[in-house]
Amino acid sequence: MHITSVGTAFPPYRYSQTEIAEALRQRWQDRLPEPRLLTRLHANCGVDHRAFVFPLGHYPTLRGFGQTNNAWIDHAVTLGRQAIEAALAPTGLTPADVSAIFFTSVTGIASPTIDARLINQLPFPPSIKRTPIFGLGCVAGAAGIARATDYLRAFPREHVLLLSVELCSLTWQDDDQSIANLISTGLFADGAAAVLLSGDETPNPSGPRVLATRSTFYRHTEHVMGWDIGDLGFKIVLSPDVPKVVLENLHADVDTFLAENQLTQPDIASWIFHSGGPKVLEAVETALSLDKDALAPSWKSLREHGNLSAASVLTVLEQYLTQHPGAPGSYSILAAMGPGFCLELVLLRW
């Protein structure tokens, strides 16, 4: 099973972190007990710029879950199509060559799902198999690759697509000035990523090969990350315990996974990690005793795009495919963590 290509897409409205913080400070000026706290929290998110589906001035006009979710559907279809086309373009393949599509998001809901709406726009075969995934959040980029790989083990002559669209700006809550929401509005952003994976028996498969995957669930940690979903939509659940969970578990879980594959950490040439935020990336570096530059593409993605939830690790993967490919025969770990709380690990060989 090979990761053949990755395509990304971002909405047109791009702002500096300073512009975003000032817009929110003006929007919430009567609700913020300490306006400087918002500015300080945003400045510490490790983000320079983010892209959103609407201009900043449009968000206060959105009313209720129905309106914001309809906007999510419209823009998810547009960005999803752009990402799919970007993933297929360098391969010479078309949607007609794709046998299955996995779709993941945690920032909106639809039925028919976004993948179904895209099948009506692009020439996918009518026999295409669909697997929409909701609720995995940040971990879904890595988990989606793992589930697509499981599929290709059964159907090694086929190509599959994984599509992630996350429009986090549509989840902002005007009535929530908690620290979690202030951090969330400074960290998360909008974007899409599509990954084309090819079975071992497809003609001339290329790209890093998926050797193994591992899922790990941490019991009774559902308070760490997720959403409370109510009349106004998605309200962030974001605990300061996230880095603690990383520090307490990641090293042992990685070692166990590598040992199952007759490897150790020194065998890993590169680490493709979800850009969860500065404290999360620092916790990963500490837990795995990584050099300061080991997660440079993850830090770069965070600075340039913010946290794109499930799509983030896929944008980091795109950097490795296009700018930092591994030496032939070298190993990489692709990983993300998310609501549950849980960890997904993917072992790659270039």
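An unreviewed UniProt entry lists the chain under the name Chalcone synthase, with Granulicella sibirica given as the organism. Turning to the chain, the UniProt annotation filed under Sequence similarities (unreviewed entry) states: "Belongs to the thiolase-like superfamily. Chalcone/stilbene synthases family."

(A) A nonpolar patch on the surface, seen in detail. A cluster of nonpolar residues, I109, F134 and I229, forms a patch on the protein surface that exposes about 290 Å² of accessible area. Tracing the sequence through the fold places F134 in strand β5 (residues 129–134).

(B) Fine view of helix α8 (residues 278–288). Counting buried residues in α8 gives eight out of 11 residues, a clear majority hidden from the surface. All of the buried residues along α8 are P278, V280, L281, A283, V284, E285, A287 and L288. Tucked into the core, α8 has its buried residues touching α7 (242–260), β11 (268–273) and α9 (296–305). With its phi angle positive at about 55 degrees, S289 sits one or two positions after the end of α8.

(C) Molecular detail of the packing of helix α5 (residues 140–154) against helix α10 (residues 312–322). Axis separation between α5 and α10 bottoms out at 7 Å; the angle between their running directions is 70 degrees. Considering their axes alone, α5 and α10 lie roughly perpendicular with respect to each other. On the side of α5, the interface is formed by G141, A142 and I145, while α10 contributes V313, L314 and L317. Class assignment for the residues of the contact of α5 with α10 results in five nonpolar, one polar and no charged.

(D) Structural context of the domain arrangement of the chain. In terms of domain boundaries, the chain breaks down into domain 1 (2–198) and domain 2 (209–349). Centre-to-centre, using C-alpha coordinates, domain 1 lies 18 Å away from domain 2. Taken together, the contacts link 55 residues of domain 1 with 46 residues of domain 2. Surface buried jointly by domain 1 and domain 2 totals about 4000 Å² across both partners, of which 68% is contributed by carbon and sulfur atoms. Sorting the residues of domain 1 by area buried against domain 2 places F65, C138 and V139 first, and these three jointly supply 15% of that buried surface.

(E) Focus on the pattern of salt bridges. Going through the model one piece at a time under the given rule, you end up with 12 salt bridges. For D150, the salt bridge identified is with R153, shortest N-O distance 2.8 Å. Of the two residues, D150 and R153 both sit in helix α5, three residues apart, roughly one turn of that helix. Residue classification places D150 among the partly exposed residues on the basis of a relative accessible area of 33%. Of the residues examined, R153 reaches a relative accessible area of 42% and is grouped as partly exposed.

(F) The environment of R303, seen in detail. Mapped onto the elements, R303 comes out in helix α9. The contacts of R303, once residues within four sequence positions are left out, are G46, V47, D48 and H49.

(G) How the structure looks around α7. The first and last C-alpha atoms of α7 sit 26 Å apart over 19 residues, in line with the 27 Å expected at 1.5 Å per residue. The principal kink in α7, of about 45 degrees, is found at N249. For α7, the full list of buried residues reads V242, P243, V245, V246, L250, D253, V254, F257 and L258. The inward-facing, buried residues of α7 contact β8 (209–217), β9 (225–230), β11, α8, β12 (331–338) and β13 (342–349). Phi turns positive one or two residues past the end of α7, at Q262, with a value near 55 degrees.

(H) Expanded view of the layout of surface pockets. Here the largest pocket defines a volume of roughly 620 Å³. Lining the largest pocket are 29 residues; nearest its centre among them are I183, L187, L238, P243 and K279. Secondary-structure elements contributing two or more residues to the lining of the largest pocket are α6 (179–187), α7, α8 and β12. With five residues, the single largest contributor to the lining of the largest pocket is α8.

(I) Looking closely at empty space enclosed by the protein. Tallied over the entire structure, the rule returns one cavity of 30 Å³ or more. Quantified by volume, the largest cavity comes out at close to 40 Å³. F65, T68, N69, W72, T107, L170, T171, Q173, L232, G233 and F234 together form the lining of the largest cavity. For the lining of the largest cavity, the secondary structure elements donating two or more residues are α3 (64–88) and β10 (233–238). If one sorts the elements of the lining of the largest cavity by residue count, α3 sits on top with four residues. Classifying every residue of the lining of the largest cavity by side-chain character gives five nonpolar, six polar and no charged.

(J) Seen up close, the packing of α7 against α8. For the pair α7 and α8, the least separation of the axes is 8 Å and the interaxial angle reads 35 degrees. Handedness of the α7/α8 crossing: right-handed. Across the interface between the two elements, V242, P243, V246, L247, L250, H251 and V254 of α7 pack against K279, V280, A283, V284, T286, A287 and L288 of α8. Taken together, the residues of the contact of α7 with α8 break down into 11 nonpolar, two polar and one charged.

Reading the values: the criteria
Residues numbered from 1 in each chain as written. Predicted model: local features only at pLDDT ≥ 70, side-chain atom pairs only at ≥ 80, totals over all residues. Heavy atoms only, no water. UniProt positions renumbered as here; feature names shortened; annotations may be inferred. Patch = residues over 30% accessible without salt bridge, like charges linked within 9 Å, V, L, I, M, F, W, Y side chains within 5 Å. Areas by Shrake-Rupley, 256 points an atom, 1.4 Å probe, with all protein chains shown as cover. Salt bridge = Lys/Arg side-chain N within 4 Å of Asp/Glu carboxyl O. Helix = DSSP H or I, 4+ residues; strand = E, 2+ residues; numbered from the N terminus. Buried < 20%, exposed > 50% of the residue type's maximum accessible area, 1.4 Å probe, protein only. Contact = heavy atoms within 4.5 Å. Axes fitted to C-alpha atoms, helices over the stretch in contact; angles between N-to-C directions. Parallel < 35°, antiparallel > 145°, perpendicular 65-115°, else oblique. Nonpolar A, V, L, I, M, F, W, Y, C, P; charged D, E, K, R; others polar. Domains from an automatic or database assignment. Buried area = accessible area lost by both parts, 1.4 Å probe. Expected span 1.5 Å × (residues − 1). Bend = angle between axes of the 7 residues up to and from the residue. 1 Å grid on protein atoms, 1.4 Å probe; cavity = no way out; pocket = protein on both sides within 12 Å on 5 of 7 lines; lining within 4 Å. Points joined across faces, edges and corners; volume = space filled by probe spheres on them. Left-handed = near helix turned anticlockwise from the far one by under 90°.

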